[in-house]
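Descriptive structure summary
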Amino acid sequence: MLLDILNNLLGGMGNLFQLWNFGLLALGSLIGITAGALPGIAFVNAMALALPFAYFMSPVTAMLFLTGIYVGGIFGGSISSILLNIPGSPGSLPATWDGYPLTKSGKSAKALGIAITCSAIGGMVSAMLMIFFSPPFANFALTFDQPEFFAATFLGLVTVIAIAKGQMLPALASLFGGLVFGSVGFDFFYGAPRLTFNWEVLDGGIHFVVAMIGMFAIGEVLYTLTQNLKTNHRNLKGHTQLPRVKELWDLKTTIARASGIGCMIGVIPGAGGIVGAVISYGVEKQVSKRGDKFGTGVEEGLAAPETAKNATTGAATIPMLTLGIPGSAATAIMMAALMLKGVNPGPILFVQGKELVYTVFAGYLVANVLIVVFGLLIARGFSYIMRVPPAILYAIIIVLSVIGAFAVRNNIFDIYIALAFGILSYFMKRFNFPTTPLVLGLILGPLMERFYLTSLASYGSPAEFLVRPKTAIIMSIAGLFLVWSLWPSVIETIRRIRLKEK
Amino acid sequence: MSFLQKFRKVVFTVVSFSLIVTVMDALAEFPDRPVDLICNYGPGGGADQFSRALSPILSKQLGVKVQVSNVTGAAGNNGIHRTATSKPDGYTIGTITGLSVSSWLKGHGKLRAKDMTFLAIGQVTDSMLFVPTNSPYKTFKDLLAAAKANPDKIKVAISGRGGADDVTMTYMAGKGYKFRTVPYEKPAERYAAPIGGHVDVMYEEPGDVRQFVKNKQIRPIVVFSNQANRYHPKVPIVTDFGLDVYFQNFRGIITGKDVPKAEKEVLNKALNKAFTSDAFNVFCNKTSTCTNARTVEDSRQFVEKYFKGLEKYSKN
Amino acid sequence: MVDAEKKNKHFSIPLFCLAVGIILLTNLLLDPVIDLQKPQSPGLWPIAMVSGLLLVGFCMLCTAIRTQLREKHNLLAQNNNKQIDHIGVKQKFDFSQQDSDESDHDDRKLFLGIVGIIAYGFTVHYLGFTLATVGIIGYWLFIWNIKSFLKIISTSFVGTGLILVVFVKIGYLPLPKGVGQFHDFTIWLFRTLSLFQQS
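This structure is a prediction, so every number in the text was calculated from the model and none was measured. (Residues numbered from 1 in each chain as written. Chains lettered and ligands numbered in written order. Predicted model: local features only at pLDDT ≥ 70, side-chain atom pairs only at ≥ 80, totals over all residues. Heavy atoms only, no water.)

The next point concerns the nonpolar core. In terms of nonpolar packing, the biggest core is built from 215 residues, with I79 of chain A together with W140 of chain C touching the most fellow members. Here this core spans two domains, since at least three of its residues come from each of domain 1 (2-79) and domain 2 (107-192) of chain C. Those residues in contact with W140 of chain C that lie beyond four places of it in its chain are V221, L222, L225, A391, Y394, A395 and I398 of chain A together with G113 and I117 of chain C. (Core = buried A, V, L, I, M, F, W, Y, C linked by side-chain atoms within 4.5 Å. Buried < 20%, exposed > 50% of the residue type's maximum accessible area, 1.4 Å probe, protein only. Domains from an automatic or database assignment. Contact = heavy atoms within 4.5 Å.)

Contacts between chain A and chain C engage 86 residues on the former and 78 residues on the latter. Both sides together, the interface formed by chain A and chain C hides about 7,500 Å², and carbon and sulfur atoms give 75% of it. Interface area lost by chain A to chain C is led by Y190, L225 and R430 of chain A, which between them contribute 9%. Inspection of the region where chain A meets chain C yields one salt bridge. Close ionic contact of D107 of chain C with R430 of chain A constitutes a salt bridge, the shortest N to O distance being 2.9 Å. Per element, the largest residue contribution to the side of chain A that touches chain C is 13 residues, and it comes from helix α18 (residues 390-409) of chain A. (Buried area = accessible area lost by both parts, 1.4 Å probe. Salt bridge = Lys/Arg side-chain N within 4 Å of Asp/Glu carboxyl O. Helix = DSSP H or I, 4+ residues; strand = E, 2+ residues; numbered from the N terminus.)

A word on the sheet that holds strand β1 (residues 35-39) of chain B. The pairing of strands in a sheet comes from backbone hydrogen bonds and takes either a parallel or an antiparallel form. Residues and elements named next belong to chain B. Read across the sheet, five strands follow the order β2-β1-β3-β10-β4 without closing on themselves; strand pairing throughout is mixed. Lying at the two open borders of the sheet, with one neighbouring strand each, are β2 (66-70) and β4 (116-125). In this sheet, adjacent strand axes meet at a mean angle of 25 degrees when their direction is disregarded. Packing of helix α9 (residues 261-275) onto the sheet brings it into contact with β3 (92-97), β4 and β10 (249-256), and relative to β4 it is tilted by some 5 degrees. (Pairing = 2+ DSSP bridges. Axes fitted to C-alpha atoms, helices over the stretch in contact; angles between N-to-C directions.)

For the rest of this paragraph, the subject is the side chain of S103 of chain B. Residue and element names in this part refer to chain B. Along the chain, S103 turns up in helix α4 (residues 98-103). S103 sits in the buried class, given a relative accessible area of 2%. Of note is the side chain of S103, whose polar atom sits 3.0 Å from the side chain of N77. Within the structure, the side chain of S103 is placed 2.7 Å from the backbone oxygen of S100, a separation counted as a polar contact. Setting aside residues no more than four positions away along its own chain, S103 makes contact with A75, N77 and H108. (Polar contact = N/O pair within 3.5 Å; in protein donor to acceptor, adjacent residues only side chain to side chain.)

Residue and element names in this part refer to chain A. Taken as a whole and assessed by the stated rule, the structure comprises four cavities of 30 Å³ or more. The computed volume of the second largest cavity comes to approximately 60 Å³. Together, G266, V267, I268, P269, G270, A271, G272, A316, P319, G327, S328 and T331 line the second largest cavity. Going through the elements one at a time, α11 (252-267) and α13 (299-323) are the ones with two or more residues in the lining of the second largest cavity. (1 Å grid on protein atoms, 1.4 Å probe; cavity = no way out; pocket = protein on both sides within 12 Å on 5 of 7 lines; lining within 4 Å. Points joined across faces, edges and corners; volume = space filled by probe spheres on them.)

Residues and elements named next belong to chain B. Taking strand neighbours across the sheet as the criterion, the five strands line up as β7-β6-β8-β5-β9 in an open arrangement whose pairing is mixed. Single-partner strands in this sheet number two, and they are β7 (180-183) and β9 (218-224). The mean inter-strand angle of the sheet, taken between neighbouring strand axes irrespective of direction, is 30 degrees. One ladder, built from two bridges, connects strand β6 (residues 155-158) with strand β8 (residues 201-204); its direction is parallel. Paired with V156 across the two strands is V201, which belongs to β8.

All names here are of chain A. Tracing the backbone through its elements, the reader meets E300 in helix α13. A relative accessible area of 14% means that E300 is categorised as buried. Residue contacts for E300: discarding those within four places in its chain leaves L251, T254, E284, S288, R290, F294 and P305.

Between its first and last C-alpha atoms helix α7 (residues 146-164) of chain A spans 28 Å; for 19 residues at 1.5 Å apiece the expected length is 27 Å, and the two agree. Counted residue by residue, α7 of chain A has 18 buried out of 19 residues, so it is predominantly covered. (Expected span 1.5 Å × (residues − 1).)

The next point concerns the state of the cysteines. For the structure on display, the rule yields one disulfide over all chains. Across the disulfide, C284 of chain B is cross-linked to C290 of chain B (sulfur-sulfur distance 1.9 Å). Judged by the sign of its S-S torsion, about 85 degrees, the bond between C284 of chain B and C290 of chain B is right-handed. Note on C290 of chain B: relative accessible area 12%, which makes it buried. With no disulfide of its own, C118 of chain A lies closest to C263 of chain A among cysteine sulfurs, the gap being 14 Å. With a relative accessible area of 0%, C118 of chain A lands in the buried category. C263 of chain A gets classed as buried once you look at its relative accessible area, which sits at 9%. (Disulfide = S-S within 2.5 Å.)

What follows concerns the domain arrangement of chain C. The domain boundaries assigned to chain C delineate domain 1 (2-79) and domain 2 (107-192). For domain 1 of chain C and domain 2 of chain C, the distance between their C-alpha centres works out to 40 Å.

Here you go:
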């Protein structure tokens, strides 16, 4: 198996270094880092906007392009975090806590250097995990029938909620909103139209890509329009100084810990870069000797979240590729690109589409190296990038999202759906409702319904979900997550009751 | 000049330009710009392979580019609707398949056979039942006997309720062979089901699963036809077992019903030439779907016969 | 004022969820297509999901009522901020990207933006993609306080041109051509700009 993987990976590398493939990976990386660095455009938005371009690339090239944006973009946000104290992408929020103080004390070059190298290392570790873990897991998943897939999808939905913790109810509302949207249209068994209000155009359902383009591109444009965003970019010093080997060696335990945390968080659906980064920062703060000085510009405080957020990338791709169940907005977009080209991710892909899978693996490795190259470049040119007039940028974004929404099914009605979701997401954002659960509900809901109904048709009773060994295990993990996430509120209630008794 | 005046002037220019364009369009010989070929299913599926194989060949026949775009959703009816209702100038043609025609029985889509022109039929194929190579059912006779002995126990993977596959299995249940039908919507999952041992039998067309047959993962056990299949002559035919049920799946090309006759003729000729060309024969032989040339009228009758047959069986 | 708005917000969203849920649920239950007697009925899943939404809406309403009652009894105290804290980071993150501050929103611009976006959606169908795009780019620059006429015109035409080249000439996307005369205009324009591929 191991030799097989290495062999295939070598083939993937060969594929990757063809002109078009490598060129688009590099272009994606550049776009990703730039978009990540610009406040107001997160990498997810950039990925959603890249979709229309992906339509006319081969599946492999499209995946590499998106990989570049994903891996680059999740790093890029740190540039503006460190230099401007504005997180360019949500995952880079913790980089403002110890990165910006370093800038204030005149050590911005060092901070940028640490961010770049740590991001690259975290990403590499995660890519390795993906490369060596996915194929055996896909092999295992080949034995999955519909009940197992149902259980895996259910686990995905439960973790989306479990992650939300303090924001349980809004996240649930958002999730069920997505699930309801996902059940619009023909059911696949009988072809009965549901929730369409006799409106023919809704028969085909709401395509998740259309909704995502609306939420992540149009919603963002509206949000920025009303914000009157003002950034000052005086005395931006984008010089970088890569840390010396000894400096890195001093951070080795931090990096190892953060990589581990990032990989673990990455696999969990619904978590993503921000959660990995924040948890890693928290752990580091408790473990580190200089923990009490965190927030004043400590290297560990910057290295930990930077490593962790990039360490989520490869790990997050595992469930998408092996099961066809995406756990985050970014991987959902990658899955969309595959599906729109007629490639269905899932265990079979590791048999039929080896070439694609391993080229993507190689792409993840190389994209993390490209971070170092382009990170230095873009950090240097950052003050120029900030001068791009936002009005033009956002006008083009609207046009691109309309093209993207249209091209999914070449359907004009999808344009209206995307615009409606854009407006919806604006208001969700304004009232602090998380949008990710809605998107995941919209993607996972129809999958779950299909798996559930086919299981019933095949095995006859829902008891099957608890009897089959693999299904039972996955379901009990989901149950544990549910209990874990509800625990705080249970404790809270008990405490309150005791308070009352006193 | 006020804004309104400016606007009027712009509108006037646009309108007069487009009048000239319309006149020019009428004078030029059809076709003189790219033709849109609307595929009514998503990328990767049978209809998509059909349109991608056809596009370069048809392009050579017509002398203009033929651009494929997928308009998907609603069991293929979205694509049909787009093709049949776009400007009737012959520049929009689209695919239609047996599956989308059978969805009309369920009340899907607004348009029926009378609302469109059938230009030609490109692929016609029998359906078959496949079992895993190591299946305990060696012959169709074994399978029928097992189904009679254990009703509702033997699982058959089909594509959904109400399609030709479901109608066929319902007919067989009426004859005393009750199978349990399990709809798998995604083709990849449907193919994996017998291979992974999750179902006993699969209803499919041979062209779509040829690689699995070639790898000896599954094998055909019966063909739903009243005559031997030209690609699999050894597989027994269903009518020999006293079962009178056979639907052929087909893929054809349609256009709007108001397209001028001359354009229809040009397209029909080009399509028939394309379908009988050597290049297309490579494709249809590979997928076991070759068929003969048909006129516009013949194509319409072919589709109507298919629909009426389905209607008759699903009522019983 | 802000407080009143916040309270209002607390109630309006759960009520909105409940209202939507009830409308959808009645729609589902009254729909003859959704025959719950059928095995694997098409109505099963949507009804479950809508009920879930109703349940969440109900919970949110309860929380809102409880919060307000406690506010009244001045019991709110410190409880509100004391979240369970496992990892040493106190609620520094949530799913939303930035903490939104109500006063920051420019509602006039929001209105203009929404109007523009909706107008774009409809004009794409009737005027065709090309004309609508020239329009929206210009409009967007205009509401973004760019008042130079030359800048607006040049950007919208150049931008549209680039997009046409990429998506029509290279990408073969069948972008909407418009209706009636506008359809003919688009054909003429594409032909003039030689955007049509020749085989």
